[in-house]
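# Descriptive analysis of the structure
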Amino acid sequence: MPEGHTLHRLARLHQKRFGRAPVVVSSPQGRFADGAAAVNGQLFKQADAWGKHLFHHYDGGRVVHIHLGLYGTFTEAPVPLGLPVGQVRMRIVGAEYGTDLRGPTVCEVIAEPEIADVVARLGPDPLRKDADPASAWARISKSRRSIGALLMDQSVIAGVGNVYRSELLFRHHINPYRPGTHMAQAEFSDMWTDLVELMKVGVRRGKIVVVRPEHDHGAPSYGPGRPRTYVYRRAGEACRVCGAGVRTAELEGRNLFWCPDCQV
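Criteria and cut-off values
- Residues numbered from 1 in each chain as written.
- Predicted model: local features only at pLDDT ≥ 70, side-chain atom pairs only at ≥ 80, totals over all residues.
- Heavy atoms only, no water.
- Patch = residues over 30% accessible without salt bridge, like charges linked within 9 Å, V, L, I, M, F, W, Y side chains within 5 Å.
- Areas by Shrake-Rupley, 256 points an atom, 1.4 Å probe, with all protein chains shown as cover.
- Salt bridge = Lys/Arg side-chain N within 4 Å of Asp/Glu carboxyl O.
- Helix = DSSP H or I, 4+ residues; strand = E, 2+ residues; numbered from the N terminus.
- Buried < 20%, exposed > 50% of the residue type's maximum accessible area, 1.4 Å probe, protein only.
- Lys, Arg positive; Asp, Glu negative; His and termini not counted.
- Charge placed at Lys NZ, Arg CZ, Asp CG, Glu CD.
- Pairing = 2+ DSSP bridges.
- UniProt positions renumbered as here; feature names shortened; annotations may be inferred.
- Core = buried A, V, L, I, M, F, W, Y, C linked by side-chain atoms within 4.5 Å.
- Contact = heavy atoms within 4.5 Å.
- Domains from an automatic or database assignment.
- Buried area = accessible area lost by both parts, 1.4 Å probe.
- Polar contact = N/O pair within 3.5 Å; in protein donor to acceptor, adjacent residues only side chain to side chain.
- Nonpolar A, V, L, I, M, F, W, Y, C, P; charged D, E, K, R; others polar.

## Side note on a nonpolar patch on the surface
A surface patch of nonpolar side chains, amounting to about 370 Å² of accessible area, comprises M1, L70 and Y71. Here M1 is to be found in the segment before helix 1 (4-18). Take M1: its relative accessible area is 40%, and that puts it in the partly exposed class.

Here's what the structure looks like:
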C-alpha cells in the first residue's frame, strides 16, 4: 500500500499538471460514471492530501476523494492518450497531460464540507504544515497497545505504512512491542521529528530513504527498485548495524520486522 509521501507527491503532480484549468473526466470502466459526469469539464482548482487520502477540488464545491488502498495506481502520459488499458476507474485529461486511475479502494465525489468527516477519522499528517503531534502523543501515551500497532493506526498518525513503521522504530532503538504507556514523551518527540524529515525526503525524491549514510552498504535492497532498509523485508538477514538476525512476526494482521539486539 502506498505510504503518505506517495499521496503528497501525487497531489503536487496533479496540481502542477491540471490545476487552475478545466479538465475532461471520464470513467472508461464505468464504475465511476456518475462521479465523473459531476466534475467533467469543471475547473480543477486544487489537489491536496491528508495521510493516504487524496482530494481533487473542483469549481462548484465538488471534491473527488481517492484512497488507493493496496492496488490503486495512477499512470501519467502526455496527450493525446491512447485507448484505456485495463480497468480504468477514472481518466483525467488536461491541456498537456492525462492520468488514469486503476484499482482504488475509494473513488467518490463528495461535497467540500464532507472532507472534514474524512479527516476527523485521521490522526495528524507529518507532511502537513498544520500537523499537531500533541494529539498523536495524547493517544499513544494513554494506550496499552504496542507502539508498532499504534504507528500503523491511521487515526493516531496519518500516512505511516509498514516501511516507515519498521524503519522508524529501528532508527530510534525501540522495541515494536513496547506499550504506548511505556513510551517517553522525549522519545516520541524525536521520532516525530525524524518521521517528518524522512517523509519529506520521500516526497522530494519519490522514494523511501531510511538508511543512514554510514550504514548504506552491505546487503542490497529487498527487491529491484525497492528502498534499502534496516529491517523491513529482511527477516533472517544480518542487521546492518549489529549483525544479529532480523526477526519478523505478524502484528494486527501486518508483518512486523525488527532487530532483537538493537531494539530492546
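## Some details on a positive patch on the surface
On the surface, a cluster of positive charge is contributed by R9, R12, K129, K200, R204, R205 and K207. At the level of elements, helix 1 and helix 7 (185-205) are the ones that each hand at least two residues to the positive patch. Considering every element that reaches the positive patch, the biggest residue donor is helix 7, with 3 residues. Along the chain, K129 turns up in the loop between helix 3 (115-119) and helix 4 (133-141). Judged by its relative accessible area of 90%, K129 falls in the exposed class.

## Topic: the pairing of strand 11 (residues 254-258)
With 5 bridges connecting them, strand 10 (residues 247-251) and strand 11 associate as antiparallel partners. The residue of strand 11 that forms the bridge with A249 is L256.

## A closer look at the UniProt feature "domain: Formamidopyrimidine-DNA glycosylase catalytic" (unreviewed entry) in the chain
Residues annotated by UniProt as "domain: Formamidopyrimidine-DNA glycosylase catalytic" (unreviewed entry) correspond here to residues 1-94. When the span residues 1-94 is considered, its composition is 23% helix and 39% strand, and the gap between its end C-alpha atoms is 27 Å.

## Considerations on unusual backbone geometry
Of note, the amide linkage connecting V79 to P80 takes the cis form, showing an omega dihedral of 5°. Mapping P80 onto the fold places it in the loop between strand 6 (73-78) and strand 7 (88-93). Look at H173: it is not a glycine, yet its phi comes out positive at around 55°. Here H173 shows up in the loop between helix 6 (162-171) and helix 7.

## Points about the nonpolar core
With 37 residues, the main nonpolar core has I140, I147, I157 and Y164 as its most contacted residues. Of all the secondary structure elements, the ones that give two or more residues to this core are helix 4, helix 5 (147-152), helix 6 and helix 7. When residues of this core are assigned to their parent elements, the largest contribution, 8 residues, is made by helix 7. In contact with I147, other than residues within four places in its own chain, are I140, L169, I174, N175, P176, R178, G180 and M183. Ranked by size, the runner-up nonpolar core spans 22 residues in total, among them A36, V39, L54 and L101.

## Some thoughts on the domain arrangement of the chain
Segmenting the chain into domains produces domain 1 (4-120) and domain 2 (133-258). Taken together, the contacts link 8 residues of domain 1 with 14 residues of domain 2. Summed over both partners, the interface of domain 1 with domain 2 comes to about 760 Å²; 65% of that surface belongs to carbon and sulfur atoms. Connecting domain 1 to domain 2 are 3 residue pairs in polar contact (both at pLDDT 80 or more). With 5 residues, helix 1 is the largest single contributor of residues to the side of domain 1 that touches domain 2. Class assignment for the residues of the side of domain 1 that touches domain 2 results in 1 nonpolar, 4 polar and 3 charged.

## Overview of the side chain of H215
Looking at the secondary structure, you find H215 in the loop between helix 7 and strand 10. Not counting residues within four places of it along the chain, the set of residues in contact with H215 comprises Y230, R240 and V241.

## Brief notes about the pattern of salt bridges
For the coordinates displayed, the defined rule picks out 10 salt bridges. Among the salt bridges present, the one from D130 reaches R128, with a minimum N-O distance of 3.2 Å. According to the relative accessible area criterion, R128 is partly exposed, its value standing at 23%. The partner of E237 in a salt bridge is R234, with the nearest N and O atoms 3.3 Å apart. With relative accessibility at 32%, the residue E237 sits in the partly exposed group.

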